[in-house]
Amino acid sequence: MLDIQKIREDFPILKREVNGKPLVYFDNAATSQTPQVVIDAIVDYYSNYNANIHRGVHTLSQEATDAYEEARLKIQRHFNAQESHEIILTSGTTHSINLVANGFASLLKKGDEVIVSALEHHSNIVPWQMLCEKTEAILKVIPINEEGELLMDVYNDLLTTKTKLVFVNHISNALGTINPIEKIIQKAHSKGAAVLIDGAQACPHIKPDVQALDVDFYVASAHKICGPTGVGILYGKQEWLKKLPPYQGGGEMIKEVTFEKTTYADLPHKFEAGTPNIAGGIAFGVALDYMNAIGFEAIASYEKELLDFGTEQLLAIEGLKIYGTSAQKTSVISFNIEGIHPYDIGSIIDKLGIAVRTGHHCAQPIMDFYKIPGTVRASFAFYNTKEEIIKLAEAVKRAKNMLS
């Protein structure tokens, strides 16, 4: 059992008010809140050993390098990567995806096939469209059903010997659907295709084991996992990372530079050009320590309670429809009320101190499938409470009465 009130004390922002009301933060799928221990780690870096890494012989540089590389080891252990150099520190999930897409531009040829799903965030659609335009590869899409689940029989039919890449999110940011990535990876590998899993929405709820999954690439962002913005990871199997060319050129990613020829550094530095977000990387490691100390099994169990309770409370409102009703789902509820625009609901309940997300959630193809302009999305984290969900339901009822 989690001590929710004790956990809430770790998050200073949860003490503030919005529009004269206690903050109820239900936009966790966009970004989670940050515990004091992570904030302290950022302040400690800039206060006590702010220096560039890997390049200096002086004490501050060595201290910063040690802390940054220790964070990489924490990330390696968390995701169970075989080697620490399989963890590439990036600015976030979008950066990680684009790094892989850029690398495959030199590996694909006309007529090769790339598969994505209809559940993807725009950051896992647009880079592959750009890749296919550049290489004349063919982009195929796994469709979904009314429950927001992938049609796996269609996926089986889409896979051919021409399939080179499959890209699917672990969990849908818009609907909360947990995709059967183990089957997706296994079937893709049977055709010789590589797989990238977008784990941005999964990592706050699930502790992925990249070796057990046998996934080729896995990407995530720290700010979804109680860490800072502007830092994330690309996990890649060593053999794939060695095949891909560097994404950016500059300092740190080189072994030797002359005007005649440049040779590149070994992994992971080959993909880490320039000065990184040092404080962010260190704080990312601290955030994972914090989450692991709470325990992901306990987090998942409690968030399931919140999801079930929230679903019951919201469905009691006449005219309210939930989008994304898969049996395998995390703590996200996307909904609309008949005849009312989601933006209007979000604006009114913000006046009551409740933060939700409205719109298409960077997943416009999902909204097109349901023929709606967007949804109200309430996404719960382990520091939320059932009392807050009751406030949400009451606020939605009030908004409905005002707008009907």
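My aim in this report is to walk through the structure given alongside it, one point at a time. None of the values given here were measured: they were computed from a predicted structure.

Secondary structure summary: the protein contains 14 helices and 17 strands in total. Taken against the 2.2 N^0.38 rule, which gives 22 Å for 404 residues, the C-alpha radius of gyration of the protein at 22 Å falls within 12% of a compact globule. Here the C-alpha coordinates of the protein stretch approximately 70 × 55 × 35 Å along the principal axes. Residue pairs in contact within the protein that sit at least 24 positions apart in sequence constitute 72% of those at least 6 positions apart. Here the protein displays about 17300 Å² of accessible surface, and carbon together with sulfur accounts for 51% of that area. The distance from the centre of the 38 positive side-chain charges to the centre of the 48 negative ones in the protein is 3 Å.

Core analysis: the largest hydrophobic core is formed by 101 residues, its most contacted members being Val-166, Tyr-218 and Phe-382. In terms of residue count, helix 10 (residues 278–294) provides more of this core than any other element does, eight residues in total. Once residues lying within four places of it in the same chain are set aside, the contact partners of Val-166 are Ile-115, Tyr-155, Leu-159, Ile-184, Ala-188, Ala-193, Ala-194, Val-195 and Leu-196. One finds Ala-101, Leu-241, Leu-267 and Phe-271 within the second-largest nonpolar core, a separate group that totals 25 residues.

With that out of the way, let us pick up the sheet that holds strand 10 (residues 232–236). What the seven strands build is an open sheet, ordered 4-10-9-8-7-5-6; its pairing is mixed. The open sheet is flanked by strand 4 (87–90) and strand 6 (138–142), the only strands paired with a single partner. Across this sheet, the average inter-strand angle for adjacent strands is 20°, counted without regard to direction. Across the sheet, helix 3 (residues 59–79) touches strand 4, strand 9 (217–221) and strand 10, and the angle it forms with strand 4 is around 120°.

Considering all chains together, one arrives at zero disulfides under this definition. Cys-203 forms no disulfide, and the closest cysteine sulfur to it belongs to Cys-226, at a distance of 12 Å. Left without a disulfide partner, Cys-362 is nearest to the cysteine sulfur of Cys-203, which lies 18 Å away.

This model, assessed by the stated rule, comprises 14 aromatic pairs. Note on Tyr-45 and Tyr-46: the rings are 4.8 Å apart at their centroids and 70° apart in plane angle, and the pair reads as edge-to-face. The buried category is assigned to Tyr-45, whose relative accessible area is 2%. Among the residues examined, Tyr-46 registers a relative accessible area of 51% and is labelled exposed. Aromatic side chains Phe-369 and Tyr-370 sit 5.0 Å apart centroid to centroid with 80° between the ring planes, which places their arrangement in the edge-to-face category. Residue classification places Phe-369 among the partly exposed positions, given a relative accessible area of 29%.

Turning our attention to the sheet that holds strand 16 (residues 357–359). Strand order in the open sheet formed by four strands is 13-14-17-16, and the pairing between neighbours is antiparallel. Since the sheet does not close on itself, it has two edges, and those belong to strand 13 (320–323) and strand 16, each with one partner. Between one strand and the next, the sheet's axes are offset by a mean angle of 30°, whatever the strand orientation. Direction of pairing for strand 16 relative to strand 17 (residues 375–379): antiparallel, over a ladder of three bridges. For Arg-357, the partnering residue across the bridge sits in strand 17 and is Arg-377.

This model, assessed by the stated rule, comprises 15 salt bridges. Residue Arg-72 pairs with Glu-69 through a salt bridge whose shortest N-O separation is 2.8 Å. Note that Arg-72 and Glu-69 are positioned in helix 3 at a spacing of three residues, about one turn of the helix. Under the relative-accessibility criterion, Arg-72 is labelled buried at 2%. Residue Glu-69 is classed as partly exposed on the basis of its relative accessible area, which comes to 22%. We note a salt bridge from Glu-272 to Arg-72, for which the minimum N-O separation is 2.8 Å. Taken together, the positions of Glu-272 in the loop between strand 12 (262–264) and helix 10 and Arg-72 in helix 3 put the pair 200 residues apart, joining distant regions of the chain. For the pair Glu-272 and Arg-72, a shared accessibility class is recorded, and that class is buried.

Procedures and definitions
Residues numbered from 1 in each chain as written. Predicted model: local features only at pLDDT ≥ 70, side-chain atom pairs only at ≥ 80, totals over all residues. Heavy atoms only, no water. Helix = DSSP H or I, 4+ residues; strand = E, 2+ residues; numbered from the N terminus. Rg over C-alpha atoms; globule rule 2.2 N^0.38 Å. Contact = heavy atoms within 4.5 Å. Areas by Shrake-Rupley, 256 points an atom, 1.4 Å probe, with all protein chains shown as cover. Lys, Arg positive; Asp, Glu negative; His and termini not counted. Charge placed at Lys NZ, Arg CZ, Asp CG, Glu CD. Core = buried A, V, L, I, M, F, W, Y, C linked by side-chain atoms within 4.5 Å. Buried < 20%, exposed > 50% of the residue type's maximum accessible area, 1.4 Å probe, protein only. Pairing = 2+ DSSP bridges. Axes fitted to C-alpha atoms, helices over the stretch in contact; angles between N-to-C directions. Disulfide = S-S within 2.5 Å. Phe/Tyr/Trp six-rings, centres within 6.5 Å; stacked < 30°, edge-to-face > 60°. Salt bridge = Lys/Arg side-chain N within 4 Å of Asp/Glu carboxyl O.

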